[in-house]
Amino acid sequence: MKKIYFLILICYSLGIAQNPNREYISHDEKNHQLLVDTNEGQYIFKFYTEDILETSFIPNGEAYKPNSHAVVLKPDLVETTLTETEGDILYKSSGIVLTVKTSPFKISYSYKGKELISEKEGYYKSKHQVMDMVKANIVADTTEKIVFNLTNDEVLYGGGARALGMNRRGYRLPLFNRAHYGYETFSKLMNFTLPIVVSSKQYMIHFDNAPVGYLDLDSQKNNTLIYETISGRKTYQIIAGESWENIIDNYTDLTGKQPMPPRWALGNFASRFGYHSQDEVLETISDYKKEDIPVDAIILDLYWFGKDIKGHMGNLAFEKDSFPTPRRMIKKLKAQNVETILITEPFVLTTSKRWDEAIKNNALALDSISKPARYDFYFGNTGIIDVYKKEGYEWFKNIYKNLSNMGVNGIWGDLGEPEAHPNWVQHA
């Protein structure tokens, strides 16, 4: 019995260890942050509110990267307590409690007495297991992982736009934005992704890092959650709350709340693929009015800037033959309380009327030798506007400003995932 009991103790000890090679060295509280040093790097823990706690790991030899692409919330001066009991370091707000077990090393989180989640291996690097569907998009020999423990009964939501059902547990999902045509009833990747996981245990994890990668929501069925990336920050926020509404409110406090749209934007729109002319637009709204159907706006798809589907993207101006007096058309629509919405895309085709203008204004993303990147996709040979570059941002903004001055009050930004984006295209 003594030998069996000893074996059980060993298994229990290994089970609760986060990483057998990671050893606690020291900790300190500075500038409203808890710093924990290990033999493999430093952890920085920071409360944004009592319900939002950020964790960053900085491996030895790397510098801390404090800047986020996603977070807009400024940390509050949250009232915290730091205690140490029998090798456990507890860093508490009135909501989230961080527990750092010093030996064997382990990090876990709870909320008002309820366990949320714990790191399993935590951060490490290993060989990149390539998914065929993104093998040309997520390119790396090794990837960086942050690994967590799940409980058997957790349901996992999140990850962005996928056709998988609500519960995403059991899938490894790429974090790379791309359209999926003709997906019907199943798709692991649709247009936009989000590096967030929401648990039925009523917490959320936001992985605060911009580069591409994967979310593995227990695909190996071993109660493991893995965030995986090619590079960048090793930072995530644990978000908790008293209710689902509270959690979503906390998350949108962290990453930004969209302003309420104007009242008309919540109404009924006329839309099709698409209206070919100014006369067709006005006749359509006339028919709505005759049939006493409420209509608050009309969406003009790609024929507003070209007669054909292909070859004109990037014109970003009314096709004069089809829409000879757009200001007058917009004014007539407004007189009937109907707003005009135009489709636009970030692509400028080499056959478009603005290609030379985009080149002259240095508005496009570049290739590896600093020339405007050109490649083929469905609509033609194209460049893509680099909105991260001041010149691209200003050029695109001024086009929108001119359209707004004409009376256009709505823009449908299409294909902005973006629709086609070779991995060699470089942005500022």
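Residues numbered from 1 in each chain as written. Predicted model: local features only at pLDDT ≥ 70, side-chain atom pairs only at ≥ 80, totals over all residues. Heavy atoms only, no water.

Novice: Would you take a moment to explain the overall build of the protein for this structure?
Specialist: Summing up its helical and strand segments, the protein has six helices and 24 strands in all. Taking the principal axes of its C-alpha atoms as reference, the protein extends roughly 90 × 50 × 45 Å. Taking contacts inside the protein between residues at least 6 apart in sequence as the whole, the part at least 24 apart equals 63%. Computed over 49 positive and 54 negative side-chain charges, the inter-centroid distance for the protein is 3 Å. (Helix = DSSP H or I, 4+ residues; strand = E, 2+ residues; numbered from the N terminus. Contact = heavy atoms within 4.5 Å. Lys, Arg positive; Asp, Glu negative; His and termini not counted. Charge placed at Lys NZ, Arg CZ, Asp CG, Glu CD.)

Novice: Help me understand the sheet that holds strand S23 (residues 380–384) in this model?
Specialist: Within a beta sheet, neighbouring strands are joined by backbone hydrogen bonds and run either parallel or antiparallel to one another. Reading across the sheet, the three strands line up as S21-S23-S22 and stay open at both edges, with antiparallel pairing between neighbours. The sheet terminates laterally at strand S21 (347–349) and strand S22 (375–377), the two strands that pair on one side only. Strand-to-strand twist in this sheet, taken as the mean axis angle between neighbours without regard to direction, amounts to 55 degrees. Two elements, S22 and S23, share three bridges in a ladder whose sense is antiparallel. Paired with Phe377 across the strands is Gly380, a residue of S23. (Pairing = 2+ DSSP bridges. Axes fitted to C-alpha atoms, helices over the stretch in contact; angles between N-to-C directions.)

Novice: How should helix H2 (residues 244–255) be read in this particular structure?
Specialist: In an α-helix, one turn spans 3.6 residues; hence positions three or four apart end up facing the same way. If you check H2, its first and last C-alpha atoms are 17 Å apart, about what twelve residues at 1.5 Å a residue would give, namely 16 Å. Inspection of H2 places Ile247, Asn250, Tyr251, Leu254 and Thr255 among the buried residues, and these make up the whole buried set. The buried residues of H2 occupy an angular sector of 120 degrees when projected down its axis, which confines them to one face. Contacts from the buried residues of H2 go to strand S3 (41–49), strand S4 (52–59), strand S13 (193–199), strand S14 (203–207) and strand S17 (235–240). (Expected span 1.5 Å × (residues − 1). Buried < 20%, exposed > 50% of the residue type's maximum accessible area, 1.4 Å probe, protein only. Arc of directions from axis to C-beta.)

Novice: In this structure, what is going on with unusual backbone geometry? I would like to understand it.
Specialist: Across residues other than glycine, the phi torsion is negative in most instances, and most of the peptide bonds are trans. Note that the residue after Ser103, namely Pro104, is joined by a cis bond; omega there is -10 degrees. Within the secondary structure, Pro104 sits in the loop between strand S7 (96–102) and strand S8 (105–111). Residue Gly274 is reached from Phe273 by a cis peptide bond, and omega for that bond is -15 degrees. Not every positive phi belongs to a glycine, and Asn31 is a case in point at roughly 50 degrees. Inspection of the secondary structure puts Asn31 in the loop between strand S1 (24–30) and strand S2 (33–38).

Novice: I would appreciate a short explanation of a negative patch on the surface in the present structure.
Specialist: A cluster of acidic side chains, namely Asp279, Glu283, Asp287, Glu291 and Asp292, defines a negative patch on the protein surface. Along the chain, Asp292 falls in the loop between helix H3 (278–290) and strand S19 (297–300). According to the relative accessible area criterion, Asp292 is exposed, its value standing at 68%. (Patch = residues over 30% accessible without salt bridge, like charges linked within 9 Å, V, L, I, M, F, W, Y side chains within 5 Å. Areas by Shrake-Rupley, 256 points an atom, 1.4 Å probe, with all protein chains shown as cover. Salt bridge = Lys/Arg side-chain N within 4 Å of Asp/Glu carboxyl O.)

Novice: How should I be thinking about the sheet that holds S19 in this particular structure?
Specialist: Sheet architecture is open: four strands sit in the order S18-S19-S20-S24, paired in parallel fashion. The open sheet terminates on both sides in strands that have one partner only, identified here as strand S18 (269–270) and strand S24 (410–413). Judged from the four bridges that link them, strand S20 (residues 339–344) and S24 form a sheet pairing that is parallel. The residue of S24 that forms the bridge with Thr344 is Gly413. Against the sheet, H3 contacts S18 and S19, and its axis sits at roughly 150 degrees relative to S19.

Novice: So what exactly am I meant to see when it comes to the nonpolar core here?
Specialist: One recurring pattern in soluble globular proteins: nonpolar side chains tend to sit buried together. Ranked by size, the top nonpolar core spans 46 residues in total, and within it Ile298, Leu300, Trp304, Phe318 and Met329 carry the most contacts. Elements with a contribution of two residues or more to this core: H3, S19, helix H4 (326–335), S20, S21, helix H5 (355–360), S22 and helix H6 (390–405). For Met329, the residues in contact, after removing those within four places along its chain, are Gln278, Val281, Leu282, Leu300, Phe318 and Phe323. If you look at the next biggest cluster of nonpolar residues, it comprises 38 residues, including Phe148, Leu150, Phe207 and Ala240. (Core = buried A, V, L, I, M, F, W, Y, C linked by side-chain atoms within 4.5 Å.)

Novice: Teacher, can you tell me more about the pattern of salt bridges here?
Specialist: Side chains that differ in charge, positive against negative, can pair when their charged atoms come close. Taken as a whole and judged by the stated rule, the model has 19 salt bridges. Glu242 is paired through a salt bridge with Lys112; the nearest N and O atoms lie 2.4 Å apart. On the criterion of sequence distance, the pair formed by Glu242 in the loop between S17 and H2 and Lys112 in the loop between S8 and strand S9 (114–127) is long-range, its members being 130 residues apart. We note a salt bridge from Glu339 to Lys334, for which the minimum N-O separation is 3.0 Å.

Novice: Would you mind going over the packing of aromatic side chains with me for this structure?
Specialist: To describe a pair of aromatic rings, one takes the distance between the centres and the angle between the planes. All told, the structure shown has 21 aromatic pairs when counted by the stated rule. Look at Tyr43 and Phe57: their rings are 4.6 Å apart centre to centre, the planes differ by 50 degrees, and that puts the pair in the tilted class. Here the residue Tyr43 occupies a position in strand S3, and Phe57 occupies one in strand S4, the gap between them amounting to 14 residues. No difference in accessibility class separates Tyr43 from Phe57, as the two residues are buried. Clustering of aromatic rings is evident, with ring pairs tying together Tyr43, Phe45, Phe57, Phe105 and Tyr123. Looking at Arg22, its charged tip hangs above the ring of Phe57, at a distance of 4.8 Å from the centre. When the ring centre of Tyr378 is taken as origin, the NZ or CZ atom of Lys310, which lies over that ring, is 4.4 Å away. (Phe/Tyr/Trp six-rings, centres within 6.5 Å; stacked < 30°, edge-to-face > 60°. Lys NZ or Arg CZ within 6 Å of the ring centre and 35° of its normal.)

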